[in-house]
Amino acid sequence: MEFVVGDMAITTVGTDGDDRAIEFLVRPEGTLEEGHFAIFREHGQGWEGARLTIDPAAASVPVAAIEWAVEFAREYL
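Note that the structure is predicted; figures quoted are calculated from it, not measured.

Undergrad: Just give me the short version of the overall build of the protein, but keep the residues and values in it.
TA: Summing up its helical and strand segments, the protein has 1 helix and 5 strands in all. Taken over the C-alpha trace, the protein has a radius of gyration of 12 Å; the compact-globule value for 77 residues is 11 Å, and the two agree within 12%. Over its C-alpha atoms, taken along the principal directions, the protein stretches across nearly 40 × 25 × 20 Å. Counting the 77 residues in the protein, one finds 31% classified as buried. Long-range contacts, defined here as pairs at least 24 residues apart, represent 34% of the contacts in the protein between residues at least 6 apart.

In structure tokens, the structure reads:
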């Protein structure tokens, strides 16, 4: 799914099958580079145990994209 948030396009690119992780691509308007990150939580853990990983090879990730993704993940995971 792709969402437009402010001046960014945020795309969900996959889940782990157990609905415990969501990967995201974010592309700010006017750039070709995409940031890649994921939000995941361990089975049986609440949001206190949730984690964020950012692909070190990806472009930078705007904080606003992470804030949006956290709210999305809370609804989905």
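Undergrad: Could you give me a rundown of the pattern of salt bridges, with the residues and numbers involved?
TA: Close approach of charged atoms allows side chains of opposite charge to pair. The tally for this structure, following the rule as stated, stands at 1 salt bridge. Note that E34 and R27 form a salt bridge whose closest N and O atoms lie 3.6 Å from each other. What makes R27 partly exposed here is its relative accessible area of 30%.

Undergrad: Account for the packing of aromatic side chains, naming residues and giving values.
TA: Taken as a whole and assessed by the stated rule, the structure comprises 6 aromatic pairs. Here the aromatic rings of F3 and W68 are separated by 5.0 Å at their centres, their planes lie at 50 degrees, and the arrangement is tilted. On the criterion of sequence distance, the pair formed by F3 in strand β1 (residues 2-5) and W68 in helix α1 (residues 63-76) is long-range, its members being 65 residues apart. Look at W68 and you get partly exposed, because its relative accessible area is 21%. Between the aromatic rings of F24 and F37, the centroid separation amounts to 5.2 Å while the plane-to-plane angle is 20 degrees, which identifies the pairing as stacked. With F24 in strand β3 (residues 21-28) and F37 in strand β4 (residues 35-40), this pair connects stretches of sequence that are 13 residues apart. Residue F24 shares its accessibility class with F37, and that shared class is buried.

Undergrad: Provide a residue-level description of the environment of G46, including the pertinent values.
TA: Counting through the fold element by element, G46 comes out in the loop between β4 and β5 (51-54). In the structure, G46 is positioned 23 residues away from A69 in sequence and 17 Å away in space, judged by C-alpha atoms.

Cut-offs and rules
Residues numbered from 1 in each chain as written. Predicted model: local features only at pLDDT ≥ 70, side-chain atom pairs only at ≥ 80, totals over all residues. Heavy atoms only, no water. Helix = DSSP H or I, 4+ residues; strand = E, 2+ residues; numbered from the N terminus. Rg over C-alpha atoms; globule rule 2.2 N^0.38 Å. Buried < 20%, exposed > 50% of the residue type's maximum accessible area, 1.4 Å probe, protein only. Contact = heavy atoms within 4.5 Å. Salt bridge = Lys/Arg side-chain N within 4 Å of Asp/Glu carboxyl O. Phe/Tyr/Trp six-rings, centres within 6.5 Å; stacked < 30°, edge-to-face > 60°.

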